[in-house]
Amino acid sequence: MNRVLARNLRKNVCGTRILQRTCSTVVTHEVSSSGSNESNAIRNSTEDGPQHDIAIVGGGMVGIALAASLASKPLTKHLNVAIIDNNPLLGRKNIIEKGHPPDPRVSTVTPATISFLKDIGAWKYIEEQRHAYFDKMQVWDYTGLGYTRYNANDVHQDVLGCVVENKVLQSSQLSCVQESDLQKTVYPARLNAMDMLPSSSLTGLGEVPSTTDLFMRGRLAKLELSDGNSVYAKLVVGADGSKSRVRELAGIKTTGWNYSQNAIICTVEHTVENYTAWQRFLPNGPIALLPIGDNFSNIVWTMDPKEASDRKLMNEDDFIKAVNDALDSGYGPNPETTSSRDSLSWLTGDATISAKERFETPPKVVKLSSERMMFPLSLRHAKDYVSKRVALVGDSAHTVHPLAGQGVNLGFADACALSKAISEGIALGTDIGESNLLKRYESERKPANIAMMAVLDGIQKMYSVDFGPLNALRAAAFHGAHYISPLKKRIISYASGDQSLPLFS
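Everything in this summary refers to the structure shown in the same document. In every chain, residue numbers begin from 1 and rise along the written sequence. Residues qualify for local features only when their pLDDT is at least 70, as the model is predicted, and side-chain atom pairs are given and counted only at 80 or more; totals for whole chains, interfaces and linings, by contrast, use all residues. With hydrogens and water excluded, all non-hydrogen atoms of the structure serve as input to the side-chain values.

**Quick notes on helix H13 (residues 435–462)**
Now for step 1: Its 28 residues place the ends of H13 39 Å apart at the C-alpha level, agreeing with the 40 Å of an ideal helix rising 1.5 Å per residue.
Now for step 2: To get the bend at a residue, fit one axis to the 7 residues ending there and another to the 7 starting there, then take the angle between the axes. Labels follow the DSSP assignment, with helices taken as runs of H or I lasting at least four residues and strands as runs of E lasting at least two, numbered in each case from the N terminus. The largest bend in H13 comes to about 25 degrees, at glutamate 442. To estimate how far a helix should reach, multiply one less than its number of residues by 1.5 Å.

As structure tokens, then:
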């Protein structure tokens, strides 16, 4: 897959369109904040629409992460930023309802992402809400031939990750933006059209050129919104998901494929609190049980579309029984610590098993505590992350299989890298919408994202076939990851956000 994606890393030149409509005055509502500058919309004449330094299309976790990262840097914290998203939650001060069961939409954030969220000031807000650190992980498959357990202290860390509800992540980052000096305006609308013209000389303009003059000379992009208004920006960031309108309007193509799998997600409850992340590979896809705190866990269960539809519609008791079977001895036996190791003694030698490394059975699920949500799975990768005055982040640039929970972590790393590139451009006096500056962001993130996509796609394909010799090979991989200490440490470090691949560095 890596070669397929790499072949498509060709430059895509964004087409331009000539304006057919005149500029209009925009109506906005501002993000509430305390003590920040709220004169957000710069108008150079009564006929011009509002002009911003950056327009972020998409106010989800990654889009708000970019805004919060910009707000945390000395050179970017006073920028004028527009957030274009019709989600009404962005206009609220606090979107978290305490006392309710966890929302089924959660993310597993890695130590690298936790460091990023601490740097931008969001983690202190997350710690005030429900979240669950985990320091152990167990992975095994239905054949009973192999398993591996990871512990944070294997790499001298306190935790392997933390599970957080998506709405908590978004709200915490929004709090950072609200309390910053960033000049921010939320436009509760959708993006309909995007126009930009080739660059030309500013000769003949006055000392303070109007927004329209800058646009006509290729210095601004014009965004036309679903409410009939228009805004202008030096840089447009597509953070609007896998079906990105920004990517479409910029003419950036994608490569990839759909998996013949859907995922069911939901919140479940135990009689005891869960402190471990569990993942078992089944014939039709993996099932993950992730701690979320207060005796709750999150289920992410991948399977073929028909089975997913059936599981979504079955009654609660049958569904709970199916989940417990999938996490225990259903589909096949659990690994036996001694016999499975003996069958691969040529690989592990005389390695001994400590109590913390022995196979364990996950805690039983006793209750379904949320609706069951279902969504199709795919792999998509943009051929280009940037073009003139456009940059893509998160799912707009790449979507991956959820089996290792890496998708949002890749998006947060994009936001971090793009804000760094923008800051460097400002330090050098560079136009932040120029392709040469944006290419720095692309050159940092594209290789890392492709590598992770290749790893995840390879794992997905390896566990999609039930074949004796391949099963033995998978068991050998499990045992190598479990008993070969240097390899185990590299795998944990890579999954935690280290850029180095486990086997090639």
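From this point, the narrative continues.
**Notes on the environment of aspartate 141**
Now for step 1: Within the secondary structure, aspartate 141 sits in strand S5 (residues 136–141).
Now for step 2: Residue exposure (1.4 Å probe, protein chains only): buried if accessible area is under 20% of the type maximum, exposed if over 50%, otherwise partly exposed. Of the residues examined, aspartate 141 reaches a relative accessible area of 1% and is grouped as buried.
Now for step 3: We define a polar contact as two N or O atoms separated by no more than 3.5 Å, with the added condition that, inside protein, one atom must be a possible hydrogen donor and the other a possible acceptor, whereas residues neighbouring each other in sequence contribute only through side-chain atom pairs. For aspartate 141, the side chain forms a polar contact with the side chain of threonine 143, separated by 2.7 Å.

**Focus on the pattern of salt bridges**
Now for step 1: By convention in these notes, a salt bridge is any Lys or Arg side-chain nitrogen within 4 Å of a carboxyl oxygen on Asp or Glu. By the definition in use, this model includes 17 salt bridges.
Now for step 2: For lysine 321, the salt bridge goes to aspartate 325, with nearest N and O atoms at 3.1 Å. Here the residue lysine 321 and the residue aspartate 325 both occupy positions in helix H9 (residues 316–327), the gap between them amounting to 4 residues, near one helical turn.
Now for step 3: Taking the relative accessible area as the measure of exposure, lysine 321 reaches 52% and is therefore exposed.
Now for step 4: Classification of aspartate 325 by relative accessible area gives partly exposed; the value is 33%.
Now for step 5: Here glutamate 424 makes a salt bridge to arginine 440, at a shortest N to O gap of 3.8 Å. With glutamate 424 in helix H12 (residues 407–428) and arginine 440 in helix H13, this pair connects stretches of sequence that are 16 residues apart.

**Regarding the pairing of S5**
Looking along a regular strand, one sees the side chains alternate between the two faces of the sheet.
Now for step 1: Strands pair, by our definition, only if DSSP identifies at least two bridges between them. Where S5 meets strand S6 (residues 147–151), 5 bridges bridge the pair, whose relative direction is antiparallel. Bridging from a neighbouring strand, valine 139 pairs with threonine 148 of S6.
Now for step 2: Where S5 and strand S13 (residues 276–282) come together, 6 bridges link them in parallel fashion. Across the sheet, tryptophan 140 pairs through a bridge with arginine 280, a residue of S13.

**Some details on H12**
Now for step 1: The terminal C-alpha atoms of H12 lie 32 Å apart, and with 22 residues this matches the ideal 32 Å at 1.5 Å per residue to within 8%.
Now for step 2: Immediately downstream of H12, the backbone of glycine 429 shows phi near 75 degrees, a positive value.

**A few points about the nonpolar core**
Now for step 1: Note on terminology: a nonpolar core comprises buried Ala, Val, Leu, Ile, Met, Phe, Trp, Tyr and Cys residues joined through side-chain atoms within 4.5 Å. Counting residues in each nonpolar core, the largest one holds 73 residues, and the members touching the most others are Ile54, Leu223 and Leu418.
Now for step 2: Broken down by element, this core gets its largest block of residues, 9 residues, from helix H2 (residues 61–72).
Now for step 3: Counting 23 residues, the second-largest nonpolar core is a separate cluster that includes Trp140, Tyr142, Ile299 and Ile320.

**Re the packing of H2 against helix H5 (residues 166–178)**
Now for step 1: In the contact formed by H2 and H5, the axes pass within 9 Å of each other and the chain directions differ by 25 degrees. With respect to their mutual orientation, H2 and H5 come out roughly parallel. When the axes of H2 and H5 are compared, the crossing they make is left-handed. Along the contact surface, H2 presents Met61, Ile64, Ala65, Ala67 and Ala68, while H5 presents Asn166, Leu169, Gln170, Gln173, Leu174, Cys176 and Val177. For helices, the fitted axis covers only the stretch in contact; all axes are lines through C-alpha atoms, and the angles between them, taken along N-to-C directions, range from 0 to 180 degrees. Note on angle classes: values under 35 degrees are labelled roughly parallel, values over 145 roughly antiparallel, values of 65 to 115 roughly perpendicular, and the remainder oblique. Two helices crossing with the near one rotated counterclockwise from the far one by less than a right angle form a left-handed crossing, whereas a clockwise rotation gives a right-handed crossing. Should any heavy atoms of two residues lie within 4.5 Å, those residues are counted as being in contact.

**Remarks on the packing of aromatic side chains**
Now for step 1: Between the rings of Phe, Tyr and Trp (Trp by its six-membered ring), a pair exists once the centres lie within 6.5 Å; its type follows the angle of the planes, with under 30 degrees stacked, over 60 edge-to-face, and the other angles tilted. Applying the stated rule across the entire model yields 8 aromatic pairs.
Now for step 2: Centroid distance phenylalanine 116 to phenylalanine 412: 6.2 Å. Interplanar angle 35 degrees. Geometry classified as tilted. Of the two residues, phenylalanine 116 sits in helix H3 (residues 111–119) while phenylalanine 412 sits in helix H12, which places them 296 residues apart along the sequence.
Now for step 3: Judged by its relative accessible area of 8%, phenylalanine 116 is buried.
Now for step 4: Taking the centre distance of 6.2 Å and the plane angle of 45 degrees together, the rings of tyrosine 385 and tyrosine 441 count as tilted. Pair noted here: tyrosine 385 is in the loop between strand S17 (373–382) and strand S18 (386–387) and tyrosine 441 is in helix H13, with a separation of 56 residues, a long-range link.
Now for step 5: Of the residues examined, tyrosine 441 reaches a relative accessible area of 0% and is grouped as buried.

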